[in-house]
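# Descriptive analysis of the structure
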Amino acid sequence: MPSMYEIYQSHADAYDELVRYEDHQGNLRRVLHRLVDFSGKQVVEFGAGTGRLTELYAELAGEIRCYDRSEDMRRRAMLRLASYAGKLEYGILDHAESDPEDTRRADIVIEGWAFGHTVFDRQAHVARITAELVDCCRRLLRPGGTMVFIETLGTNVESPSAPGEILNAFYSELEQRHEFKRHIVSTDFRFPSLDAATRHMGFFFGQPMAQTVLARGSEVVPEFTGIWLRRG
């Protein structure tokens, strides 16, 4: 079974198939558009992956610059988002290491399930890394722009909470030091069958997750996602 980092680097197709079962009720799209006006806006997205988040707002946005560290993810995103190709630019960037060379200002800077990995990888420096990520996004914003961070609040759990002390510290930094406001969204997976749920969740999250999904006995796997928002 590949590691999570190997999945991001070399298994974009399998990852994209997994996340297509996510948020089967469309809650993330509804809440995101209630909180943020994407109409005609210039957007920078970090950790764009296969385009699952980009797809939620691409129709309305004006121009979008998508960054990800994985060439395999970029390839898959270009296929998934082909109908929006005229408004999309792609760049390969490890956002933990440096800012984009393209410093054009944007109305919205957004990330999905990416900065949490960066913080976790450098867990001895949560406050410093969080500040660096927020500052990077702020520098790319026009005055009055919006920062949107989207991160996990648990998969295959009964209630929302940060999965582990490191992410809890990251979220606390966002809210207490950097004045982000948290919004909680239910983003349950719904698979075609229990077998499919067990197989897909096991591939990405590992066998312990597969066993708990199987024990739950449902093709629906509960999940919670947080949207952290800061304007200006």
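Preceding this section is the structure that the text describes.
Treat the numbers as computed from the prediction; the structure is a model and nothing was measured. Along each chain, the written sequence defines residue order, and numbers are assigned to residues from 1. Local features are withheld for residues below a pLDDT of 70 in this predicted model, meaning they are given only at 70 or higher, and side-chain atom pairs are given and counted only at 80 or more; totals for whole chains, interfaces and linings count all residues. Side-chain measures here rest on the full set of heavy atoms in the structure, leaving out hydrogens and waters.

### Regarding the sheet that holds strand β2 (residues 63-68)
Sheet architecture is open: 7 strands sit in the order β3-β2-β1-β4-β5-β9-β6, paired in mixed fashion. Strand pairing shows two members of the sheet lacking a second neighbour, β3 (88-92) and β6 (181-186), which therefore form its edges. Between one strand axis and the next, the sheet turns through 20° on average, direction left out of account. Of the pairings in the sheet, the one linking strand β1 (residues 42-46) to strand β4 (residues 106-112) comprises 4 bridges and is parallel in character. Bridge assignment links E45 to a residue of β4, and that residue is I110. Criterion used throughout: strands pair if DSSP finds at least two bridges between them. Here a helix means four or more residues in a row that DSSP labels H or I, a strand means two or more in a row labelled E, and each is numbered from the N terminus. Axes here mean lines fitted to C-alpha atoms, for a helix over just the part in contact, with angles spanning 0 to 180 degrees between N-to-C directions.

### Concerning the environment of L56
Within the secondary structure, L56 is located in helix α4 (residues 54-57). Separated by 26 residues in sequence, L56 and R30 have C-alpha atoms that sit 9.2 Å apart.

### Points about unusual backbone geometry
Of note, D23 is a non-glycine position whose phi angle comes to about 55°, a positive value. In this structure, D23 sits in the loop between α2 (12-19) and α3 (27-35). Exposed residues in this analysis have more than 50% of their type's maximum accessible area, buried residues have under 20%, and partly exposed residues fall in between, with area computed by a 1.4 Å probe over protein chains only. On the basis of relative accessible area, D23 is assigned to the buried category, the value being 14%. Residues other than glycine seldom take positive phi values, yet N156 does so here, at roughly 60°. Along the chain, the position of N156 falls in the loop between β5 (141-155) and α8 (165-177). Overall, N156 belongs to the buried group, its relative accessible area being 13%.

### Examining the packing of aromatic side chains
Aromatic pairs are defined between Phe, Tyr and Trp rings, using the six-membered ring for Trp, whenever the two ring centres lie within 6.5 Å; interplanar angles under 30 degrees are classed as stacked, those over 60 as edge-to-face, and all others as tilted. This structure, assessed with the given rule, holds 11 aromatic pairs. When the centroid spacing of 5.8 Å and the interplanar angle of 40° are considered together, the rings of F46 and F115 count as tilted. In this pair, F46 is assigned in strand β1 and F115 in helix α6 (residues 115-121), connecting sequence segments 69 residues apart. Given a relative accessible area of 0%, F46 falls into the buried group. Through a chain of ring-to-ring contacts, the aromatic side chains of F46, Y67, F115, F149 and F180 assemble into a single cluster. Whether a charge sits over a ring comes down to the Lys NZ or Arg CZ being within 6 Å of the ring centre and within 35 degrees of the ring normal. Here R52 stacks its cationic end above the ring of W113, 3.6 Å away from the centre of that ring.

### So, helix α10 (residues 207-216)
When α10 is considered as a whole, its buried residues turn out to be M209, A210 and V213. Taken end-on, α10 shows its buried residues confined to a sector of 100°, consistent with a single buried face. Opposite the packed face of α10, turned more than 90 degrees from it, sit the exposed residues P208, Q211, L214 and A215. The positive-phi residue at the C-terminal boundary of α10 is G217, with phi of around 75°. This arc is taken over the directions from the axis of the helix to the C-beta atoms.

### So, the nonpolar core
The set of buried Ala, Val, Leu, Ile, Met, Phe, Trp, Tyr and Cys residues whose side-chain atoms join them within 4.5 Å is what this entry labels a nonpolar core. If you look at the biggest cluster of nonpolar residues, it comprises 28 residues, and the most contacted ones within it are F46, F149 and F170. Secondary structure elements with two or more residues in this core: β1, β4, α6, α7 (126-140), β5, α8 and β9 (223-231). A per-element tally of this core places α7 first, with 7 residues. Of all hydrophobic cores here, the second largest spans 27 residues; its members include V31, F38, Y57 and L229.

### What to know about the environment of S159
Looking at the secondary structure, you find S159 in the loop between β5 and α8. With 61 residues separating them in the primary sequence, S159 and V220 have C-alpha atoms 15 Å apart. Not counting the four nearest positions on each side in its chain, S159 is found in contact with L153 and F224. Two residues form a contact once any of their heavy atoms are found within 4.5 Å.

### What about the packing of helix α9 (residues 194-205) against α10?
Put simply, α9 and α10 touch, their axes get as near as 7 Å, and they point 160° apart. One way to sum up the angle between α9 and α10 is to call them roughly antiparallel. Seen from above, α9 lies across α10 with right-handed handedness. Across the interface between the two elements, L194, A197, T198, M201, G202 and F205 from α9 touch Q207, M209, A210, V213 and L214 from α10. Should an angle lie under 35 degrees it is considered roughly parallel, over 145 roughly antiparallel, and from 65 to 115 roughly perpendicular; all remaining angles are considered oblique. It is the rotation of the near helix from the far one that decides the hand of a crossing: anticlockwise by less than a right angle makes it left-handed, clockwise makes it right-handed.

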